Amino acid sequence: MSIAIAHFALGAGLTTLAVAFLLPNVPFPRTVILAGGGWGMVPDFHWVSPVATDRLREIHQSSPLTDLFWFHRTLDALDPGDSKTVAAGLLLFFLAATALAEWRSYRVPEPVADAYDTYLDVSVEK
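The following refers to the structure shown. The structure displayed is predicted, hence computed values, not measured ones.

Now for the nonpolar core. The tendency in soluble globular proteins is for nonpolar side chains to be buried as a group. Core analysis: the biggest nonpolar cluster contains 11 residues, these being Ala6, Phe8, Ala9, Leu10, Ala12, Val19, Ile33, Leu75, Ala87, Leu90 and Phe94. Of all the secondary-structure elements, those providing two or more residues to this core are α1 (4-21) and α5 (84-106). Per-element tally for this core: the top contributor is α1, with six residues. In contact with Ile33, other than residues within four places in its own chain, are Ala12, Thr15, Thr16, Val19 and Phe94.

Shown next, in the form of structure tokens:
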């Protein structure tokens, strides 16, 4: 079972890539990314739940539906020892996804850059 920050980082990283490449015009993208990280942690709610803790733990450990929460069950199976190395690697993945999304959002299409440069070029007579 992987530690919580690993689930958050995987969910936030995958959400970052989805927002950057599939939904670039989504309003409030940073909020969506944080919600995606939280979505990856939902199956671990049994750790803090005041009710039905045993039932929630059973669902967490046995239901394949927990993979709907950014591959939660798969990550737990791949990292059964709560590895800090895996968590650090997933944090690096999240940082790389964020850097890639930022790079992509600051690129300007060539026609827009040409029009902008032409407009600002004071040597061109109007």
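Next comes the rest of the description.
What follows concerns helix α2 (residues 29-39). Ile33, Gly36 and Gly37 are the residues of α2 that are buried. Projected down its long axis, α2 carries its buried residues within an arc of 100°, all on one side. Exposed residues pointing more than 90 degrees away from the buried face of α2 are listed as Thr31 and Leu34. For α2, the secondary structure elements touched by its buried residues are α1 and α5.

Calculation criteria
- Note on numbering: residues in each chain are counted from 1, in written sequence order.
- Restriction of local features to residues with pLDDT of at least 70 applies here, the model being predicted, together with a cutoff of 80 or more for giving and counting side-chain atom pairs; totals for whole chains, interfaces and linings are based on all residues.
- The side-chain quantities take in all heavy atoms of the structure and omit both hydrogens and water.
- Note on terminology: a nonpolar core comprises buried Ala, Val, Leu, Ile, Met, Phe, Trp, Tyr and Cys residues joined through side-chain atoms within 4.5 Å.
- Note on exposure labels: buried denotes an accessible area under 20% of the residue type's maximum, exposed denotes more than 50%, and partly exposed covers the range between, all computed with a 1.4 Å probe on protein chains only.
- Segments assigned H or I by DSSP are reported as helices when at least four residues long, segments assigned E as strands when at least two residues long, and all are numbered from the N terminus.
- Note on definitions: a residue-residue contact is assigned when non-hydrogen atoms from the two residues lie within 4.5 Å.
- By construction, the arc corresponds to the directions joining the helix axis to the C-beta atoms.

So yeah, pure geometry; function would need other evidence.
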